[in-house]
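Residue-level listing of the chains:
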Amino acid sequence: MISIKRVSKRIIMTLLFLGALTTTFEAISGVKAKDIANWYGYDYLSTGNTDSVDQSSDKDTFRFLGLTFKSLRSEPTVTKEISSSVEAVNQDVSLEEDFDWSKYPAKKVIATGYTAGVESTGKSPDHPSYGITYSGVKVKRDLYSTVAADLDVFPLGTILFIPGYGFGVVADKGGAIKGDKLDLYYETVSEVYNDWGKKHLDVYIVEMGDGKITEQQLEKLNNEESMQVFRQKFIKDKTKS
């Protein structure tokens, strides 16, 4: 008698557990029992109840659970794809290699480097306009950096691609920057000499400016989602140097 009661109790507990499992599954997945059953050809219309499983029927309960687990086993495995942008970082792809710059107009220039300091601008850090370009934006060395140009050649806001330097946005001018010359912003004097110096090269005109550039525009360029892979690489390389 005791064993019969014990077995009965276990059966009841098992059924309650399975019922709770079914309810939990529906709550989490949003998939109803009849939907899963219908995927596998079990028509609840034949039972006269389209909204729920008849919990009083052990046969229906176990059949439903069998279909549920079968469905879970047959779900496709989700794999994380590595995006091309991540591959670009891992494979050390540069801006020069990733774009076809021949599609853009090229112009031969003489490019030098400058800083915001006394050696380039005559201003010390305590000067009220230290680090402020002619356009009013602050100097910046980033994926899109501020550069100085002859504004008759390259108006403010012009976006250039400068091989070996990156993108330059014309935001400044200089007394010695006349004609086909550029001055590229660097944060330190040692970077000017060690990373650049003076070069004769072709730069590519990505977009001619309209005579103005703002902090918001420059920030938007540097935060362009599709370019973050290259920005991360720039920051990583800059940290190493």
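The rules behind each value
- Residues numbered from 1 in each chain as written.
- Predicted model: local features only at pLDDT ≥ 70, side-chain atom pairs only at ≥ 80, totals over all residues.
- Heavy atoms only, no water.
- Phe/Tyr/Trp six-rings, centres within 6.5 Å; stacked < 30°, edge-to-face > 60°.
- Helix = DSSP H or I, 4+ residues; strand = E, 2+ residues; numbered from the N terminus.
- Buried < 20%, exposed > 50% of the residue type's maximum accessible area, 1.4 Å probe, protein only.
- Lys NZ or Arg CZ within 6 Å of the ring centre and 35° of its normal.
- Core = buried A, V, L, I, M, F, W, Y, C linked by side-chain atoms within 4.5 Å.
- Contact = heavy atoms within 4.5 Å.

Caption draft 1: Structural detail: the packing of aromatic side chains. All chains considered together, the criterion is met by 11 aromatic pairs. Between phenylalanine 99 and phenylalanine 230 the ring centres are 5.9 Å apart and the planes differ by 45°, which places this aromatic pair in the tilted class. Of this pair, phenylalanine 99 sits in the loop between α5 (95-98) and β1 (106-114) while phenylalanine 230 sits in helix α9 (residues 228-240), and the two are 131 residues apart along the sequence. Given the relative accessible area of 7%, phenylalanine 230 is considered buried. Counting every residue linked through ring pairs, the aromatic cluster contains Phe99, Trp101, Tyr104, Tyr144, Phe161, Phe167, Tyr204 and Phe230. For the cation-ring pair, lysine 173 lies above tyrosine 134, with the distance from its terminal atom to the ring centre recorded as 4.2 Å. Lying over the aromatic face of tryptophan 196, lysine 199 brings its terminal NZ or CZ to 4.1 Å of the ring centre.

Caption draft 2: Main features of the nonpolar core. Core analysis: the biggest nonpolar cluster contains 23 residues, and Phe154, Ile162, Tyr165, Leu182, Leu184 and Trp196 have the highest contact counts within it. Those elements giving two or more residues to this core turn out to be β1, β2 (144-149), β3 (159-162), β5 (181-185), α7 (189-196) and β6 (198-207). Setting aside its immediate chain neighbours within four residues, phenylalanine 154 contacts Lys107, Val109, Ala149, Leu160, Val170, Leu182, Ile205 and Met208. Counting residues in hydrophobic clusters, the runner-up holds 16 residues, among them Leu143, Tyr144, Ile159 and Phe161.

These values are about where atoms sit, not about what they do.
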